[in-house]
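Descriptive structure summary
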Amino acid sequence: IIHVNNGYRIQFNNALGPYKGGVRFHPSVTPDILKFLAFEQIFKNAITGLHIGGAKGGADFDPKGKSDKEIMKFCQAFMSSFYNSIGADIDILGGDIGVGAREVGYLFGEYKQLTNSYHSIITSKPLSLGGSLGRISATGYGLIYFTQTLLEDIGETLKGKICTISGSGNVAIHAIEKLYDLGAIPVTCSDSKGAIHDSNGIDLTLLKNLKLERRASLEYYVAERKSATYVKKEQYEGGSNHVWNIPCFAAFPCATQNELGEDCAKRLINNDVKVVSEGANMPTTKNAIELFKEHNILFGPAKAANAGGVAVSVLEMSQNSSLQYFTEEEVDEKLQNIMSNIYTDIKKTCDEYCLEMDLVSGANILGFKRVANAMIAQGV
């Protein structure tokens, strides 16, 4: 049986450096979605202070339920369609939804086969192919490092605080892991079928076993953890993720775009949330963000708070080009510095434009100015 999918690569802006952005395999992928994500990627990459442009790619192919061979064949077909348009100094791909180490390996292998070169044209590679230590955890860790720096600036801390997290993929799992490292108490997670609330704190070992090893639904979590409650998606109040009903100090949407709407924001505000930081790409709707602003809730926008992944991807590119490798501790230290600098630079922009703590506007202005100034300097 022949099955046809549509694949795309949107190269949006390379004023600051070669195009850089992930590849997404999901049935929802359309050119419009990728154009928007590529546009956002430009400014996220600019905010890191690293010299990379913005791009995004993907296909309406769903890896779920497919065999390894089927996925390999699709990755090879996808890469063979546009390998001439990418390169280490042209456009560097990365992982995204539906594209993990397995898919990255297949994509890289096909590029190598077609070009007879070992150029670093994709990041998030397996370690055996030149991947970076700390890449898998980078987005989740970076999210918490950013939030930690934000809170330290106002004399607060995450230690001992109740935190709610949506999602149960790499970002959510490693955000939970880093929250525990800082003494916080993460009490929720979710997947496409439902949500978990564990008042004693999420059992990270059990969560990793379910999601990373068994690839099972969270409904099995409650069978092994009696302190937890599981709410099916069909039972969500108003159709909104149950995790936002739980009172918390800090909320971290780490699942998918537009998951935190106006109703969810009202519930969080009524439960006295103090800070919301985005771990997913654009998970909070515009109306919800406006509500947070009106109630002086600290808000870390995705283009800043979840930039840890792309930051470590650039570190991976650096290691590949120099044929050197950083230890996990070195990567983590560099990630902390990058995330801290991102917050500091945004805060300076807020002060310069009298924006108080409007980090959304500060991040937009900072990213736009860096790209615009590079374009002007090039005579574009």
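Residues numbered from 1 in each chain as written. Predicted model: local features only at pLDDT ≥ 70, side-chain atom pairs only at ≥ 80, totals over all residues. Heavy atoms only, no water.

**Some remarks on the sheet that holds strand S3 (residues 23–25)**
- Read across the open sheet, the three strands follow the order S1-S4-S3; overall the sheet is mixed. The outermost strands of the open sheet, each flanked by one partner alone, are strand S1 (7–13) and S3. When the angles between neighbouring strand axes are averaged without regard to direction, this sheet yields 15 degrees.
- In this sheet, strand S4 (residues 54–59) lies alongside S3 in parallel orientation, the contact comprising three bridges. Bridged to Val23 within S4 is Gly57.
- Along the sheet, helix H2 (residues 68–82) makes contact with S1, S3 and S4, crossing S3 at roughly 140 degrees. (Pairing = 2+ DSSP bridges. Helix = DSSP H or I, 4+ residues; strand = E, 2+ residues; numbered from the N terminus. Axes fitted to C-alpha atoms, helices over the stretch in contact; angles between N-to-C directions. Contact = heavy atoms within 4.5 Å.)

**Looking at unusual backbone geometry**
- Phi angles above zero are rare outside glycine, and Arg215 is one such case at about 50 degrees.
- Relative to the helices and strands, Arg215 resides in the loop between helix H6 (204–213) and helix H7 (221–224).
- For Arg215, a relative accessible area of 70% translates into the label exposed.
- Look at Glu356: it is not a glycine, yet its phi comes out positive at around 55 degrees.
- Its place among the elements puts Glu356 in the loop between helix H12 (328–352) and helix H13 (359–377). (Buried < 20%, exposed > 50% of the residue type's maximum accessible area, 1.4 Å probe, protein only.)

**A word on the packing of H2 against helix H3 (residues 101–115)**
- Where H2 meets H3, the axes come as close as 8 Å, and the angle between the chain directions of the two elements is 45 degrees. Of the possible angle classes, the one that applies to H2 and H3 is oblique. In the packing of H2 onto H3, the handedness of the crossing is right-handed. Residues Asp68, Ile71, Met72, Cys75, Gln76, Phe78, Met79 and Ser80 of H2 pack against Arg102, Glu103, Tyr106, Leu107, Glu110, Tyr111 and Leu114 of H3. (Parallel < 35°, antiparallel > 145°, perpendicular 65-115°, else oblique. Left-handed = near helix turned anticlockwise from the far one by under 90°.)

**Observations concerning the sheet that holds strand S9 (residues 194–198)**
- What the three strands build is an open sheet, ordered S8-S9-S10; its pairing is antiparallel. Since the sheet does not close on itself, it has two edges, and those belong to strand S8 (188–190) and strand S10 (228–232), each with one partner. Recorded for the sheet is a direction-independent mean angle of 15 degrees between the axes of neighbouring strands.
- Judged from the three bridges that link them, S8 and S9 form a sheet pairing that is antiparallel.

**Here we look at empty space enclosed by the protein**
- Evaluation of the coordinates by the stated rule reveals one cavity of 30 Å³ or more.
- Taken as a whole, the largest cavity encloses approximately 80 Å³ of empty space.
- Lining the largest cavity we find Leu37, Glu40, Gln41, Lys44, Lys56, Asn281, Met282, Ala302 and Lys303.
- If you list the elements that add at least two residues to the lining of the largest cavity, you get helix H1 (31–47) and helix H10 (302–305). (1 Å grid on protein atoms, 1.4 Å probe; cavity = no way out; pocket = protein on both sides within 12 Å on 5 of 7 lines; lining within 4 Å. Points joined across faces, edges and corners; volume = space filled by probe spheres on them.)

**A closer look at H13**
- Taking 1.5 Å of rise per residue, 19 residues should cover 27 Å, and H13 covers 27 Å from first to last C-alpha, within 8% of that figure.
- Residues of H13 that are buried: Leu359, Val360, Gly362, Ala363, Leu366, Gly367, Val371, Ala372 and Ala374.
- Looking one or two places after H13, you find Gly379, whose phi comes out positive at around 75 degrees. (Expected span 1.5 Å × (residues − 1).)

**Focus: the pairing of S9**
- With four of five residues buried, S9 lies mostly within the body of the structure.
- Counting the residues that bridge the hairpin from S8 to S9 gives three residues.
- Sheet analysis places S9 next to S10, joined by five bridges and oriented antiparallel. Its bridge partner lying in S10, Asp198 is registered against Ala228.

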